[in-house]
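Summary of the model geometry
Here is what each chain is made of, one letter per residue.
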Amino acid sequence: MPATQRIVGVGLATVSGLAVAGQSRINGELGVRLADGFAAAVVSFGVGLLVLLVLVPATPTGRRGLVAVRRALAAGALRPWQCLGGVCGAFLVATQGLTIGTLGVAVFTVAVVAGQSGSSLAVDRAGIGPTGRQAVTAQRLTGAALTVVAVLLAVSDRLGDPGALVLAVLPLLAGIGIAWQQAVNGRVRAAADSALTATLINFAVGTVALLVAFAIDIAVRGWPAGSLPTEPWLYLGGPIGIVFIALAAAIVRFTGVLLLGLATIAGQIVGAVLLDLALPTEASHPSITTLLGAALTLVAVLVAALAPARPS
């Protein structure tokens, strides 16, 4: 694929990663206010779904995309399991509300990255995404490995907390799911010829999954002790998610899952550092190693971006 398309895709993915860092802080704070991570995730995904339910039917490409997806499913060109990427997105948002209040954005990000980097290589190698099978070249493997080293360096001053490491298992698992989500959402986008339609399907599936999890949570622990906040900015997690999912679904065919993931990671870690510096919380302790790790992350993405994608 042309290098220009890859570079533009990397730039857009990096910007979306910056937005995800902001979403993480928003949903983490919402989880603290509601005293329930699942409730925060339902609110975040629910707001996003409401926006899409208005937006998609109102646009010609959105309406055509819904018809195209239905036809693709009927013809077998698109499998039902390929429409389930929203489950992974729902899990990621739930972990934001459940863990960021304790971990901080930077430690949350390193756990997501650790899962996402290795998973992206595996997903590209298996050919799950719309670009088909991609070879695991030495340069791509080096970029993924450098990313993990970079984010470990960025949060090295927090890794001595055993409690944080145990809690970090949740975002680690969420990171593994992100690569698969990006791949199958790219398949849905290709079938629909509409990133907006693919995003609606992602949010619809994710909201259903979160409502089931929230119902179980209520049955086990009871109704959340917190109350809905009045600050409008705490409800922006869903709209930010729309931008992230739509961009990822649109550009994964140009970048592949690994490069998309690494560029998103670069944006996330830089955004996490900026948030922890500008708006520190009790869980965030930015240091010089955090800044060095952010710089190394950008180098890692550049290494992978300059490696030509080769079919396997």
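Here, the structure is the one placed above.
Described in the following lines is the structure provided in the data block. Treat the numbers as computed from the prediction; the structure is a model and nothing was measured.

On to the overall build of the chain. Scanning the chain from terminus to terminus reveals eleven helices and zero strands. Taken from the N to the C terminus, the helices and strands of the chain come in the order α-α-α-α-α-α-α-α-α-α-α. Residues classed as buried in the chain amount to 52% of the 312 residues present. Long-range contacts, defined as pairs at least 24 residues apart, comprise 87% of the intrachain contacts of the chain with a sequence gap of at least 6.

With that settled, the discussion passes to helix H8 (residues 169-192). End to end, H8 covers 34 Å across 24 residues, agreeing with the expected 34 Å (1.5 Å per residue, within 8%). Just downstream of H8 lies Asp-193, where phi reads positive at about 55°.

Turning next to the packing of aromatic side chains. Within the structure shown, the criterion is met by three aromatic pairs. Here Trp-81 and Trp-180 contribute two aromatic rings whose centre-to-centre distance is 6.3 Å and whose plane-to-plane angle is 25°, an arrangement assigned as stacked. Placement of Trp-81 in the loop between helix H3 (60-75) and helix H4 (85-103) and of Trp-180 in helix H8 is noted, with a sequence separation of 99 residues between them. For Trp-81, a relative accessible area of 41% puts it in the partly exposed group.

Look at H8 against helix H9 (residues 195-221): their axes get within 8 Å of each other, and the N-to-C directions meet at 130°. With respect to their mutual orientation, H8 and H9 come out oblique. For the pair H8 and H9, the sense of crossing is right-handed. Facing Gln-181, Asn-185, Val-188, Arg-189 and Ala-192 of H8, the residues of H9 in contact are Ala-195, Thr-197, Ala-198, Ile-201 and Asn-202. Taken together, the residues of the contact of H8 with H9 break down into five nonpolar, four polar and one charged.

Here is what the cut-offs are and how they apply
- Residues numbered from 1 in each chain as written.
- Predicted model: local features only at pLDDT ≥ 70, side-chain atom pairs only at ≥ 80, totals over all residues.
- Heavy atoms only, no water.
- Helix = DSSP H or I, 4+ residues; strand = E, 2+ residues; numbered from the N terminus.
- Buried < 20%, exposed > 50% of the residue type's maximum accessible area, 1.4 Å probe, protein only.
- Contact = heavy atoms within 4.5 Å.
- Expected span 1.5 Å × (residues − 1).
- Phe/Tyr/Trp six-rings, centres within 6.5 Å; stacked < 30°, edge-to-face > 60°.
- Axes fitted to C-alpha atoms, helices over the stretch in contact; angles between N-to-C directions.
- Parallel < 35°, antiparallel > 145°, perpendicular 65-115°, else oblique.
- Left-handed = near helix turned anticlockwise from the far one by under 90°.
- Nonpolar A, V, L, I, M, F, W, Y, C, P; charged D, E, K, R; others polar.

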